[in-house]
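A look at the structure
Residues per chain, in single letters:
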Amino acid sequence: HLTDKDLLNFLVRCKKSLRPNGVIIIKDNMARQGCKLDPIDSSISRHLDIMKVIITKAGLEILAVEKQEGFPEIIMPVWMIAMK
């Protein structure tokens, strides 16, 4: 539900709150291309590449990226991103 700007600000705040050796992990639905707005619940799904750009702009380093396996192809893919 966060705009790109709000997501960026949220990640910056998370980074400032990290303890030494701490990590941030996001697990979320990711659009197959671009951004997708759900008209029912107003949620925003971004492509993984867009998420990576926002994470980098927040000054975070991506440690690992992994796709959730076992979901049907008809639903949006779920990705997990670990960062510090």
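Residues numbered from 1 in each chain as written. Predicted model: local features only at pLDDT ≥ 70, side-chain atom pairs only at ≥ 80, totals over all residues. Heavy atoms only, no water.

- By the naming in an unreviewed UniProt entry, the protein chain goes by Alpha N-terminal protein methyltransferase 1B and is assigned to Goodea atripinnis.
- Note on the protein chain: under the UniProt heading Sequence similarities (unreviewed entry), the record states "Belongs to the methyltransferase superfamily. NTM1 family." (UniProt positions renumbered as here; feature names shortened; annotations may be inferred.)

1. Section: the overall build of the protein chain
- Along its length, the protein chain carries 2 helices and 5 strands.
- Counting helices and strands in the order they occur from the N terminus, the protein chain gives α-β-β-β-α-β-β.
- On C-alpha atoms alone, the protein chain measures out to a radius of gyration of 13 Å, which is about the 12 Å that the 2.2 N^0.38 rule sets for 84 residues.
- For the protein chain, the spread of C-alpha atoms along the principal axes amounts to about 40 × 25 × 20 Å. (Helix = DSSP H or I, 4+ residues; strand = E, 2+ residues; numbered from the N terminus. Rg over C-alpha atoms; globule rule 2.2 N^0.38 Å.)

2. Regarding the sheet that holds strand 5 (residues 78-83)
- Here we have 3 strands laid out as an open sheet, ordered 1-5-4, and antiparallel in their pairing. The outermost strands of the open sheet, each flanked by one partner alone, are strand 1 (24-29) and strand 4 (62-67). Averaged over neighbouring strand pairs, the angle between their axes works out to 15° when direction is ignored.
- The sheet contact formed by strand 1 and strand 5 spans 6 bridges and is antiparallel. Counterpart to I24 in the pairing with strand 5 is M83.
- Helix 2 (residues 48-57) contacts strand 1, strand 4 and strand 5 of the sheet and is inclined by roughly 20° relative to strand 5. (Pairing = 2+ DSSP bridges. Axes fitted to C-alpha atoms, helices over the stretch in contact; angles between N-to-C directions. Contact = heavy atoms within 4.5 Å.)

3. What about the pattern of salt bridges?
- Applying the stated criterion across every chain, the model contains 2 salt bridges.
- Among the ionic pairs, R46 bridges to D4, the shortest N-O distance being 2.6 Å. Of this pair, R46 sits in strand 3 (residues 44-46) while D4 is found in helix 1 (residues 4-17), placing the two residues 42 residues apart along the sequence.
- A relative accessible area of 6% places R46 in the buried class.
- A salt bridge links E73 to R32; the nearest nitrogen and oxygen atoms lie 3.8 Å apart. Of this pair, E73 sits in the loop between strand 4 and strand 5 while R32 is found in the loop between strand 1 and strand 2 (35-37), placing the two residues 41 residues apart along the sequence.
- By relative accessible area, which is 47% here, R32 ends up partly exposed. (Salt bridge = Lys/Arg side-chain N within 4 Å of Asp/Glu carboxyl O. Buried < 20%, exposed > 50% of the residue type's maximum accessible area, 1.4 Å probe, protein only.)

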